Amino acid sequence: MAKIVNPEKGTWSNQVISEIQYKAENGKYRIRGCGSPRRVPNFDDLMILPGQLTRMPIDTYRESCSTRTVLGPAAENPLVIETPVMIAGMSFGALSKHAKIALAKATSLVGTVISNGEGGCLPEEMENSYRQSIQILASRMGFHKDLLFKADMLEILFGIGAKPGLAGHLMGAKITEEISKIRQIPAGIDLHSHPRSGDSFGADDLVVKIEQLREMLHKNTGGHTPPIFAKIAAARVREDIKIAVKAGFDGIILDGCTAGTGAAPVMAADHLGIPILPAAVQAVRTLEEIGAKDRVSLIVSGGVKDGADLAKALAIGADAIAIGTAAMVAMGCRVCMNCQAGRCAFGIGTQDPELVAKLDIDEAAHKVANYIKAMTEEAVLLAKAAGKTKLQNLEREDLRSLTLESCAMTGIPLAGSDLVFGEGFGFAAGKSL
């Protein structure tokens, strides 16, 4: 019998063969948890320039560097957090109750905000969070207007980086009676949420909806309306940003294609959207071009993992980042990419009572808090080396590209030169080839 040569690289890799065989046996596409394993251009393709003679570095151990962040500065009641690292929207359903409470407690330990994700907000999450962001989704599952009046920030969800255009998936194995009651959906049946709103059909409709929402919030919060963000997947970034600004949003959460999720079609996670690195650059430049950068905040997410990613995102022009998978890893997740099955051995991505009990809430909260603290300190270290006394003072001039690909995508000059590769991008820095 001939030996089968099956290299991991190439058209007919083990992964490709496995996908074909799955479709052949089941007649449907595969669902997978977490994010895409594809290697795409990311923040690792950039380097930060330290200060030496041209600018003085800040003493790492004796001088301070502010990390306080203001989100939605144009809102009646802007959101102030102590670190530019927030917890991204992950639902009770995708995550266990213990995991959601632990994440909320972590925000109180470091002074940041957590998003509830789809399907309502657990009372325990609201009670334990430092600041709470509430998502408004097309599905409205588990949603009631009283949540709006308790929120420190609102997110109207238009897209998810891991599955843009498809909205949420929650497999029936994870829909318990409790989740069924909260979301008002049948237990044990796969959930596919609505990808678009049924009461807003374009930019003009959206303008009216935002005005109505603000009026209601102003009336019921005594004039303390929180910032309202649009959460969008990274796709047609330039056009989407312009529409979001026209609609009157106070900020934008931009989710790149390597973002994680509890469940998504493999085809969607691997082939929809664009990476957060070029998307963030395009978003910032668009906000600058239309004169909205100082009043519209930008939060980026999708594969952000450490303080270097945070520092580079801020240097590009983002105001903060959101972490999801990374926070799960801090609690013990091993990124098995099987979240959809609901059998998480660490009690994080499951609703099985015996498995959920394995996650110690307070221990997990401290681990996530420690991770965010360390991540923030890493960013501070890099910012001080670049001569900054505030994280928000990092700028594009502090960055250089390591690859032709990242250079062409971002307009950030190639390391060791002032050259920017690619024409027609309108990049201001360096010389375009």
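What counts as what
- Residues numbered from 1 in each chain as written.
- Predicted model: local features only at pLDDT ≥ 70, side-chain atom pairs only at ≥ 80, totals over all residues.
- Heavy atoms only, no water.
- Salt bridge = Lys/Arg side-chain N within 4 Å of Asp/Glu carboxyl O.
- Helix = DSSP H or I, 4+ residues; strand = E, 2+ residues; numbered from the N terminus.
- Buried < 20%, exposed > 50% of the residue type's maximum accessible area, 1.4 Å probe, protein only.
- Patch = residues over 30% accessible without salt bridge, like charges linked within 9 Å, V, L, I, M, F, W, Y side chains within 5 Å.
- Areas by Shrake-Rupley, 256 points an atom, 1.4 Å probe, with all protein chains shown as cover.
- Expected span 1.5 Å × (residues − 1).
- Contact = heavy atoms within 4.5 Å.
- Polar contact = N/O pair within 3.5 Å; in protein donor to acceptor, adjacent residues only side chain to side chain.
- Phe/Tyr/Trp six-rings, centres within 6.5 Å; stacked < 30°, edge-to-face > 60°.
- Lys NZ or Arg CZ within 6 Å of the ring centre and 35° of its normal.
- Core = buried A, V, L, I, M, F, W, Y, C linked by side-chain atoms within 4.5 Å.

S.K.: Outline the pattern of salt bridges, supporting the account with residue identities and numerical values.
M.R.: Pairing between side chains of opposite charge can happen when their charged atoms approach one another. The final tally for this structure, using the stated rule, is 23 salt bridges. With a closest N to O distance of 2.7 Å, Arg 238 and Glu 289 form a salt bridge. A residue pair is termed long-range when its members are at least 10 positions apart, and Arg 238 in helix α7 (residues 237–247) and Glu 289 in helix α9 (residues 276–289) qualify at 51 residues. Several salt bridges share partner residues, and in doing so they unite Arg 55, Lys 388, Glu 395, Glu 397 and Asp 398 into one network.

S.K.: Could you give me a rundown of unusual backbone geometry, with the residues and numbers involved?
M.R.: For Val 335, which is not a glycine, the phi torsion comes out positive at approximately 50 degrees. Within the secondary structure, Val 335 sits in the loop between α11 (325–331) and α12 (353–356). Note on Val 335: relative accessible area 36%, which makes it partly exposed. One non-glycine residue with positive phi stands out, namely Met 337, at about 65 degrees.

S.K.: If you had to explain a nonpolar patch on the surface to someone new, which residues and values would you point to?
M.R.: Judged by side-chain polarity, Trp 12, Ile 17 and Ile 20 come together as a nonpolar surface patch covering roughly 310 Å² of accessible area. Among the structural elements, Ile 20 can be located in helix α1 (residues 14–26).

S.K.: Could you give an account of α9, with specific residues and numbers?
M.R.: For α9, which comprises 14 residues, the first-to-last C-alpha distance of 20 Å matches the rise-based estimate of 20 Å (1.5 Å per residue) to within 8%. Of the residues making up α9, those classed as buried are Ile 276, Leu 277, Pro 278, Ala 279, Ala 280, Val 281, Ala 283, Val 284, Arg 285, Thr 286 and Leu 287. Where α9 is buried, its residues touch β2 (46–48), α7, β12 (251–255), β14 (297–301), α10 (307–316) and α14 (404–410). Positive phi appears at Gly 291, one or two residues downstream of α9, with a value of about 70 degrees.

S.K.: I'd love a proper account of the side chain of Gln 351, names of residues and values included.
M.R.: By the secondary structure assignment, Gln 351 is in the loop between α11 and α12. Looking at Gln 351, its side chain comes within polar contact range of the main-chain oxygen of Gly 93, at 3.0 Å. One polar contact links the side chain of Gln 351 to the main-chain carbonyl oxygen of Leu 95, over a distance of 2.8 Å. Those residues in contact with Gln 351 that sit more than four places away from it in its chain are Phe 92, Gly 93, Leu 95, Ser 96, Lys 174, Thr 176, Ile 179, Gly 342 and Val 356.

S.K.: So, helix α2 (residues 97–110): which residues are in play, and what are the values?
M.R.: Think of an α-helix as 3.6 residues a turn; residues three or four steps apart then line up on the same face. Between its first and last C-alpha atoms α2 spans 21 Å; for 14 residues at 1.5 Å apiece the expected length is 20 Å, and the two agree. Among all positions in α2, only Ala 99, Lys 100, Ile 101, Ala 102, Leu 103, Ala 104, Ala 106, Thr 107 and Val 110 are buried. On its buried face, α2 sits against β5 (85–87), β6 (113–115), α3 (123–128), α11 and α13 (361–385).

S.K.: So, the packing of aromatic side chains: which residues are in play, and what are the values?
M.R.: Applying the stated criterion to the full structure yields 1 aromatic pair. Seen from their ring centres, Phe 158 and Phe 249 are 6.1 Å apart, and the 90 degrees between their planes marks the pair as edge-to-face. Here Phe 158, found in the loop between β8 (153–157) and β9 (169–170), pairs with Phe 249, found in the loop between α7 and β12; they are 91 residues apart in sequence, far enough to count as distant. Above the plane of the ring of Tyr 130 lies Arg 131, whose end atom (NZ or CZ) is 4.2 Å from the centre. Looking at Arg 334, its charged tip hangs above the ring of Phe 346, at a distance of 5.4 Å from the centre.

S.K.: Describe the nonpolar core, listing the residues and the values that go with them.
M.R.: Formed by 90 residues in total, the largest nonpolar core has its most connected members in Ile 316, Ile 323 and Met 331. Ranked by residues supplied to this core, first place goes to α13 with 11 residues. In this structure, Ile 316 is in contact with Phe 43, Leu 46, Leu 277, Ala 280, Val 281, Val 284, Arg 396, Leu 399 and Ile 412, ignoring residues within four places of it in sequence. If you look at the next biggest cluster of nonpolar residues, it comprises 12 residues, including Leu 79, Ile 81, Ala 320 and Ala 322.

S.K.: I'd love a proper account of the environment of Asn 42, names of residues and values included.
M.R.: Assignment of secondary structure puts Asn 42 in the loop between β1 (31–32) and β2. On the basis of relative accessible area, Asn 42 is assigned to the partly exposed category, the value being 24%. Sequence separation between Asn 42 and Gly 302 is 260 residues, and the spatial gap between their C-alpha atoms is 9.9 Å. There is a polar contact of 3.2 Å between the side chain of Asn 42 and the backbone oxygen of Val 40. In terms of polar contacts, Asn 42 uses its side chain to reach the backbone amide nitrogen of Asp 44, at 2.8 Å.

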